[in-house]
Amino acid sequence: MADRVTVIGWDGSPLTAAARSALAAATLVAGAAHHLALPEVPAGAERIRLGSVDLAARRIAGHRGSAVVLADGDPGFFGVVRTLRAPEHGLEVEVVPAVSSVATAFARAAMPWDDAQIVVAHRRTLRRAVNVCRAHSKVAVLTSPGAGPAELALLLEGVHRTFVICEELGTDREQVTVLTSDKVADHVWRDPNVVIVIGGPGSAAVQGGGWIAGREPGYPPAVRGWALPSHAHGEEPGEGASVQLRAAQLARLGPRIGDLVWDIGSGSGALAAEAARFGAAVIAVDADPGACGRTDATARRSGVQLQVVQGRAPHVLERLPEPDVVRIGGGGVPVVTACADRRPERIVTHASTRDEAEAIGAALAAGGYAVECALLQSVEMDTAAWAERERSVVFLLSGRRLDRAP
């Protein structure tokens, strides 16, 4: 095992005395090509071009001498330190930090970043990173080849954002470009880069900011709780699904950050807005222009971002991006079948009769979903007179894709 392992962050600034001392004593140096070209790297040291950090860690573990690993930015922030310290490698490391590329990018843009979401985009996580950009007004994306600015912009089709693209930070070729998202795919971008994606409600500067990192100013929301009363979403008494049904649907959907939720038959937008409050990206679909307008108003009132698409399911669903979870407010078996064909992790809907519930359950099962059904009865009481105000009886159906873990 290496006698000593030092991880040095590099942000383009001159190396510190501690970094120069560690490099001078190094018998093995690992890093990218531009790191290995630094004049401080000893001529006689073994050099490892850093591709797979796991492979480099195994080489370092078998090396006798002093090893140095060079990494861009802060190596403890989405960096190599986590891999090097993994139990299977058994390495004890010292870290010489540098300014993270995210901090540098926001500094170049002259923007505060305590309220930003920060995500890593590579081929496996690109879609989830895009969903975070859909749902939040300020997101920093650490990109990778094949999951860069152009790919982000293409997958954000239909959602207007501004991109601040920071290429090769800390080098002589550093460049910062500001473009609207519809223009980004027309360019070729150099790696590495950081993309700041901003826009939508809540993107304007707020005096005083917040008190917790990673949350937009104004979090937590002014209204506590979820499955809020109908009037909180601008609904008239008796309009839309009952609060209890909405609560049960949200519980079975389990929307979370990085998800894309389809809310088909959004009505007033109450469920769509509440799903967005959990941090998920939401596309609300309704054939009625009035319902689309109400959903937009509900989103603004709730301070969340969602995309509203007017059209009739199932045909309108063909052009939408892949969902993680789906709530169906109407349309019956044809819409359920069309959604199951897109393979979301969960589908939640309801039926007013047992026959309808059985037909929907059969469609979910045929699509490869484990089906649950519950008969929900809720009675709203007038507490002034302790008299029944409104009664609702409905079948709640949920399908969980069988090829996914519970």
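Draft legend 1. Highlighting the packing of helix H9 (residues 243–253) against helix H10 (residues 270–277). As a packed pair, H9 and H10 sit with axes 11 Å apart at the nearest point and diverge in direction by 40°. When the axis of H9 is compared with that of H10, the two are oblique. The crossing of H9 and H10 is right-handed. Contacts from Arg-246, Gln-249, Leu-250 and Leu-253 of H9 reach H10 at Ala-270, Leu-271, Glu-274 and Ala-275.

Draft legend 2. Examining the pattern of salt bridges more closely. Evaluation of the coordinates by the stated rule reveals 20 salt bridges. Residues Arg-108 and Glu-174 are paired through a salt bridge, measuring 2.5 Å at the closest nitrogen-oxygen approach. Placement of the pair is Arg-108 in helix H5 (residues 101–108) and Glu-174 in the loop between strand S8 (162–167) and strand S9 (175–180), with a sequence separation of 66 residues. For Arg-108, a relative accessible area of 43% translates into the label partly exposed.

Draft legend 3. Focus on helix H6 (residues 126–135). Extensive coverage of H6 is indicated by the burial of eight of its ten residues. The set of residues buried in H6 consists of Leu-126, Ala-129, Val-130, Asn-131, Val-132, Cys-133, Arg-134 and Ala-135.

Draft legend 4. Inspection of a nonpolar patch on the surface at higher detail. Together, Val-379, Met-381 and Trp-386 make up an exposed nonpolar region whose accessible area comes to about 310 Å². Mapped onto the secondary structure, Met-381 falls in strand S16 (residues 369–382). Residue classification places Met-381 among the partly exposed positions, given a relative accessible area of 35%.

Draft legend 5. Examining the sheet that holds strand S14 (residues 325–328) more closely. With mixed pairing, seven strands are arranged side by side in an open sheet as S13-S12-S11-S14-S15-S17-S16. Edge positions in the sheet fall to strand S13 (307–310) and S16, since each of these pairs with one other strand and no more. When strand polarity is set aside, the average angle formed by the axes of neighbouring strands in this sheet is 20°. Note that strand S12 (residues 281–286) and S13 share four bridges and pair parallel. Counterpart to Ala-284 in the pairing with S13 is Val-308.

Draft legend 6. Fine view of the nonpolar core. Membership of the largest hydrophobic core comes to 27 residues, with the highest contact counts inside it found for Trp-262, Ile-264, Leu-317, Ile-328, Cys-339 and Ile-347. When residues of this core are traced back to their parent elements, those giving at least two are strand S11 (260–264), S12, S14, helix H12 (332–341), strand S15 (346–351), helix H13 (354–366) and strand S17 (387–401). Excluding its chain neighbours within four sequence positions, the residues that come into contact with Ile-264 are Val-285, Ala-313, Leu-317, Val-326, Arg-327, Ile-328, Gly-329, Gly-330, Val-335 and Cys-339. Judged by nonpolar contacts, the second largest core, of 21 residues, contains Ala-121, Cys-133, Val-141 and Ile-165.

Draft legend 7. Spatial organisation of H5. For H5, the full list of buried residues reads Val-102, Ala-103, Thr-104, Ala-105 and Phe-106. Contacts from the buried residues of H5 go to strand S6 (117–120), strand S7 (138–142), S8 and strand S10 (193–198). Immediately beyond the C-terminal end of H5, within one or two residues, lies Ala-110, with a positive phi of roughly 55°.

Draft legend 8. Focus on the side chain of Gln-249. Its location among the elements puts Gln-249 in helix H9. Excluding anything up to four places from it in sequence, Gln-249 contacts Leu-271, Arg-327, Val-348, Thr-349, His-350 and Leu-396.

Draft legend 9. Highlighting the packing of H12 against H13. Interhelical geometry of H12 versus H13 gives an angle of 20° and a closest axis separation of 9 Å. With respect to each other, H12 and H13 are oriented roughly parallel. When the axes of H12 and H13 are compared, the crossing they make is right-handed. Contact residues: Val-333, Val-336 and Thr-337 in H12; Ala-359, Ile-360, Ala-363 and Leu-364 in H13. A breakdown of the residues in the contact of H12 with H13 according to their chemical character gives six nonpolar, one polar and no charged.

Draft legend 10. Inspection of the environment of Val-130 at higher detail. With respect to the helices and strands, the residue Val-130 is situated in helix H6. Between the C-alpha atoms of Val-130 and Val-119, which are eleven residues apart in sequence, the distance is 9.4 Å. Each residue touching Val-130, except ones within four places of it in the same chain, is listed here: Leu-152, Leu-155 and Leu-156.

Draft legend 11. Looking closely at the sheet that holds strand S4 (residues 66–72). One open sheet holds the five strands; their spatial order is S3-S2-S4-S1-S5, and the pairing between them is parallel. The sheet is open, and its two borders are formed by strand S3 (46–49) and strand S5 (93–96), each paired with just one other strand. Strand-to-strand, the axes of this sheet are offset by a mean angle of 20°, without reference to chain direction. Strands strand S1 (4–10), strand S2 (28–31), S4 and S5 of the sheet are contacted by helix H1 (residues 17–24), whose axis makes an angle of about 135° with S1. On the sheet, helix H3 (residues 53–61) packs against S1, S2, S3 and S4 and is oriented at approximately 160° with respect to S3.

Procedures and definitions
Residues numbered from 1 in each chain as written. Predicted model: local features only at pLDDT ≥ 70, side-chain atom pairs only at ≥ 80, totals over all residues. Heavy atoms only, no water. Axes fitted to C-alpha atoms, helices over the stretch in contact; angles between N-to-C directions. Helix = DSSP H or I, 4+ residues; strand = E, 2+ residues; numbered from the N terminus. Parallel < 35°, antiparallel > 145°, perpendicular 65-115°, else oblique. Left-handed = near helix turned anticlockwise from the far one by under 90°. Contact = heavy atoms within 4.5 Å. Salt bridge = Lys/Arg side-chain N within 4 Å of Asp/Glu carboxyl O. Buried < 20%, exposed > 50% of the residue type's maximum accessible area, 1.4 Å probe, protein only. Patch = residues over 30% accessible without salt bridge, like charges linked within 9 Å, V, L, I, M, F, W, Y side chains within 5 Å. Areas by Shrake-Rupley, 256 points an atom, 1.4 Å probe, with all protein chains shown as cover. Pairing = 2+ DSSP bridges. Core = buried A, V, L, I, M, F, W, Y, C linked by side-chain atoms within 4.5 Å. Nonpolar A, V, L, I, M, F, W, Y, C, P; charged D, E, K, R; others polar.

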